[in-house]
Amino acid sequence: MDAEPGECPEPDTHCPASKAADLIGDKWVLQIVRAMLLGARRYSDLAQAIPRISPAVLSARLKTLCEQGIIVRREGAGATSPTYRLTPSGRELQPIVEQLAVWGMKWAARNVREGDVDIGALMWDLHRCLAVSELPDGETVIRIGLKDAERYPAWWIVAAGHSVDLCCDDPGKDVDVYLTCGLADLIALWRGEVEVRAAVEEGTLLIDGPRDLVQSVHRWFPHSPMAAS
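No experiment lies behind these values; they were computed from the predicted model shown.

Visitor: Teacher, can you tell me more about the overall build of the protein chain here?
Guide: Helix and strand counts for the protein chain stand at 11 helices and 7 strands. Expressed as a percentage of the 229 residues in the protein chain, the buried residues total 36%. Counted over contacts in the protein chain with a minimum sequence separation of 6, partners at least 24 positions apart contribute 62%. Summed over all atoms, the accessible surface of the protein chain reaches about 13,500 Å², with 51% contributed by carbon and sulfur.

Visitor: Looking at this model, I keep getting lost on the confidence of the model for the protein chain. Mind explaining?
Guide: Low pLDDT means the predicted atomic positions in that stretch should not be read closely. Scored by pLDDT, the protein chain has a mean of 86; 86% of the residues are at 70 or more. Low pLDDT, under 50, characterises residues 1–5; the stretch is placed with 2 contacts to residues that sit more than four places away or in other chains.

Visitor: Whenever I open this one, the packing of helix α2 (residues 27–37) against helix α4 (residues 55–67) confuses me. Can you help?
Guide: Helix-helix packing is described using two parameters, namely the angle between the two axes and the distance between the axes. Two elements in contact, α2 and α4, have axes separated by 10 Å at closest approach and are oriented at 75°. Considering the angle they form, α2 stands roughly perpendicular to α4. Contacts from W28, V29 and I32 of α2 reach α4 at V57, L58, R61, L62 and L65.

Visitor: When you look at the pairing of strand β3 (residues 139–146) in this model, what are you seeing that I'm missing?
Guide: Two faces make up the sheet, and in a regular strand the side chains alternate between them. Most of β3 sits inside the fold, with 6 of its 8 residues counted as buried. Here β3 runs beside strand β6 (residues 177–181); their pairing, made up of 5 bridges, is parallel. Bridge pairing in β6 places G145 opposite T180.

About the criteria used
- Residues numbered from 1 in each chain as written.
- Predicted model: local features only at pLDDT ≥ 70, side-chain atom pairs only at ≥ 80, totals over all residues.
- Heavy atoms only, no water.
- Helix = DSSP H or I, 4+ residues; strand = E, 2+ residues; numbered from the N terminus.
- Buried < 20%, exposed > 50% of the residue type's maximum accessible area, 1.4 Å probe, protein only.
- Contact = heavy atoms within 4.5 Å.
- Areas by Shrake-Rupley, 256 points an atom, 1.4 Å probe, with all protein chains shown as cover.
- pLDDT = per-residue confidence, 0-100.
- Axes fitted to C-alpha atoms, helices over the stretch in contact; angles between N-to-C directions.
- Parallel < 35°, antiparallel > 145°, perpendicular 65-115°, else oblique.
- Pairing = 2+ DSSP bridges.

Right under this line is the structure:
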């Protein structure tokens, strides 16, 4: 870009922080890395985790990250789609992404509206961070109802061991436990700003299901890895 009148053209900086910001400062890059740190491996995973990114932008950012050595692409066998993996330099971005999230949780605006939130991205985060070790053996179906969401007011998480699937359409399975809350309340629970047991006691989180799942909800309910302690 041309310099403003009276300013000298800015040379290519030698500052490593600026160099890093040029590479990972893009919001889509940060979201891709964050999703991969939470377990996304395929293009379809990333598209689901970042609903507002266009296919063209996602493909372009993945290509750039591969060229910069932050991720690698591995071709699938036969009809299997390729996978993307973080390289050592990509994995070293974890504390940076975490600290940005912690800063955002502390200083970002608190007034949450449906239009401000990618509900699909939020639900993808929730299903990736479900504490499956705290669930009974076999399959557990969790239905999450959002009282104030006009679009996609219901979501289903189907957990069977370490396999956890997310559905925005009824998968046709018997539901084991129902969770109902408002969008802002769900975000507060995810961030760790409100304790699950306190939300249940106050009625901002409604839970209906067998006694063992109800009493252990504070253990298996998903929390952000950057949740407040």
